[in-house]
Amino acid sequence: MVAAPIPADGGLSGAHGIAGHLVGFVEALRARGIAVGSSETVDAGRVVTVLDLMDREVLREGLACALLRRTTHRATFDGLFDLWFPAAMGERTAAQDDVAIPRTPSGEVDIRALRSMLAELLAQESAAPRLEVLAGELVDQMGRYQSARGPSFSAYQAMKEVQPHTLLAQILDALARRPDASEFDLEIARRAARQRIAGFRETVEAETKRRVAERIGRDRVASYGVPRQAEDVDFLRASEAELAELRRSTQRLARILAARLALRRRHARRGAVDLRRTLRKSMSTGGVPIDLANRKPRPGRPELVLLCDVSGSVAGFSNFTLLLVSALREQFSRVRIFAFVDQVDEVTSLFDPNTPVEQSMTRIFTEANVVGMGGHSDYGRALAGFADAYSEVVTSRSSLLILGDARTNYRDPELATLRSLVEVAKHAHWLNPEPREQWGSGDSAAEKYREVIEMHECRSAAQLTAVVSRLLPV
């Protein structure tokens, strides 16, 4: 079957038609963390009535304009759009003979001829439709495999022998074959070639997801095949690309927290009700408290003391939390940062406003004394060392924030030391990136520490933002 922008049996021809299919798509967006209100849904319905539904890319852009509020939502939107409005249903058929996968006289796929054909198509400006057909044939003929649950498809298997990334030199030669081509022209051609190779890979992956979704359902494919929102990525399982996206979103999250703080301060500007003064004023109205008297608010910015585990298991979590705290530095009168693996050292001087946090995190291991002889996380030793060397840091004005998974490698957790710090501090909280159900398992002392200090689950940026917004001073 040739490509069709709206599936023939994907719910559009059912009782609810296009409207029901669109509502289902909106619900899938909401399930992935994209806030879509009823007004945006109505706008999307109006967009569908005026667009050419046979032009899939126009439909994609129209729905994106109507439904999305942030550019960071686009990757998730595109992944769900490809599943809910697939390019085709079932097996594709090549519309042109010159796109068919070449074969040897014995019937085997001619890999060398196939690679040459792919390089030639990638070098052409207007070969997108033919590349899409070729991607479909690759998935159907070379990406098919037999799984435990029946036939399925794999993008890796489809691309394993073709290896388009090794065709860069051939594509570059076709794009910049002029004898007078400058270094600038070559660089432009090189970037264009890389983009086209990456685009073809994405086309093959989208085709694979489409074929698998027809077999096991689009909801199941969406659970693992659609990019997650940066705020929902698990710190301990995030890829490098996801962590990079988290770092880029730090400033936006800091603005959200600052806005929440400003709202709380506006609400607290009048202060709490002074019961004694209110009763005294009510004597002039026969004991009826018509006019409320408020206490004068005493705004203050506490000191923040961070104690961070920077070992490899939680480095991504500590990195992002420090990024967020650095963006909110002005909310505190003073911030002091201490890092540890199995011994603690102050690293406040490494985190200045002009130095990226990534560089500061790297400098911790070269300039600070945070790793001892063991080299493994030792929360008890770090707490004891902190209490001995920096006992004056935590005061009645301090907010103590401990970052880590509380995995002590079966060593003494030093609960008494932590209790003494918590009793002195104005506020004390522990942010743990592990799932709550894993607290206390194995070498985790989280349940023991939890009896001494308030512990919060912070597996993602969304959870971290919610917790930090509650902990910020008013």
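Note that the coordinates shown come from a computational prediction; the quantities given were computed from them, not determined experimentally. (Residues numbered from 1 in each chain as written. Predicted model: local features only at pLDDT ≥ 70, side-chain atom pairs only at ≥ 80, totals over all residues. Heavy atoms only, no water.)

Caption draft 1: View of the pattern of salt bridges. Applying the stated rule across the entire model yields 21 salt bridges. With a closest N to O distance of 2.8 Å, R56 and D82 form a salt bridge. Here the residue R56 occupies a position in helix α3 (residues 56-67), and D82 occupies one in helix α4 (residues 74-84), the gap between them amounting to 26 residues. D82 shares its class with R56; the two are buried. Measuring nitrogen to oxygen at the nearest pair gives 3.0 Å for the salt bridge that ties R210 to E214. Residue R210 and its partner E214 are both found in helix α9 (residues 183-216); the two are separated by 4 residues, about one turn of the helix. Taking relative accessible area as the criterion, E214 reaches 35% and is therefore assigned partly exposed. One salt-bridge network, held together by shared partners, links R56, E57, R60, E61, R74, D78 and D82. (Salt bridge = Lys/Arg side-chain N within 4 Å of Asp/Glu carboxyl O. Helix = DSSP H or I, 4+ residues; strand = E, 2+ residues; numbered from the N terminus. Buried < 20%, exposed > 50% of the residue type's maximum accessible area, 1.4 Å probe, protein only.)

Caption draft 2: Structural detail: the packing of aromatic side chains. Evaluation of the coordinates by the stated rule reveals 12 aromatic pairs. Ring geometry for F25 against F77: centres 5.6 Å apart, planes inclined by 70°, an arrangement best described as edge-to-face. On the criterion of sequence distance, the pair formed by F25 in helix α1 (residues 17-31) and F77 in helix α4 is long-range, its members being 52 residues apart. Across this residue pair, the class does not change: F25 and F77 are buried. An aromatic cluster is defined as three or more aromatic residues linked by ring pairs; in this entry it consists of F25, F77, F81, W84 and F85. (Phe/Tyr/Trp six-rings, centres within 6.5 Å; stacked < 30°, edge-to-face > 60°.)

Caption draft 3: Fine view of the environment of F81. Assignment of secondary structure puts F81 in helix α4. The exposure class assigned to F81 is buried, which follows from its relative accessible area of 0%. Along the primary structure F81 and R56 are separated by 25 residues, whereas in three dimensions their C-alpha atoms are 9.9 Å apart. Sequence-distant contacts of F81, that is, excluding residues within four places in its chain, are made with F25, R56, L59, R60, L63 and P86. (Contact = heavy atoms within 4.5 Å.)

Caption draft 4: Spatial organisation of the side chain of S282. Inspection of the secondary structure assignment puts S282 in helix α13 (residues 275-282). At 2.6 Å, the side chain of S282 forms a polar contact with the backbone oxygen of L279. The contact partners of S282, leaving out residues within four places of it in the chain, are G287, V288 and P289. (Polar contact = N/O pair within 3.5 Å; in protein donor to acceptor, adjacent residues only side chain to side chain.)

Caption draft 5: A look at the sheet that holds strand β5 (residues 344-346). Strand order in the open sheet formed by 6 strands is β5-β4-β3-β6-β7-β8, with mixed pairing between adjacent strands. Strands at the two margins of the open sheet, each flanked by one partner only, are β5 and β8 (454-457). In this sheet, neighbouring strand axes are inclined to one another by 20° on average, regardless of whether the strands run parallel or antiparallel. Note: strand β4 (residues 334-340) against β5, 3 bridges, orientation antiparallel. When the sheet's bridge partners are listed, F340 is paired in β5 with V344. (Pairing = 2+ DSSP bridges. Axes fitted to C-alpha atoms, helices over the stretch in contact; angles between N-to-C directions.)

Caption draft 6: Spatial organisation of a positive patch on the surface. A cluster of basic residues, R276, R277, R280 and K281, forms a positive patch at the surface. Considering the arrangement of structural elements, one finds R280 in helix α13. Owing to a relative accessible area of 56%, R280 belongs among the exposed residues under this scheme. (Patch = residues over 30% accessible without salt bridge, like charges linked within 9 Å, V, L, I, M, F, W, Y side chains within 5 Å. Areas by Shrake-Rupley, 256 points an atom, 1.4 Å probe, with all protein chains shown as cover. Lys, Arg positive; Asp, Glu negative; His and termini not counted. Charge placed at Lys NZ, Arg CZ, Asp CG, Glu CD.)

Caption draft 7: Here's a closer look at the nonpolar core. Among the nonpolar cores identified, the biggest contains 55 residues, and F25, L63, L67, F77, L134 and F200 are the most heavily contacted of them. The dominant element in this core, judged by the number of residues it contributes, is helix α6 (residues 128-142), at 7 residues. Here L67 is in contact with F25, V26, L29, A35, V36, E40, T41, A44 and F77, once residues within four sequence places are set aside. Core analysis: the next-biggest nonpolar cluster, separate from the first, contains 33 residues, F320, V325, A368 and L431 among them. (Core = buried A, V, L, I, M, F, W, Y, C linked by side-chain atoms within 4.5 Å.)

Caption draft 8: Fine view of the environment of V357. Tracing the backbone shows V357 in helix α15 (residues 357-367). Spatially, the C-alpha atoms of V357 and N319 are 7.3 Å apart, while their sequence positions differ by 38 residues. The residues contacting V357, other than those within four sequence positions of it, are N319, L322, L323, S326 and F351.

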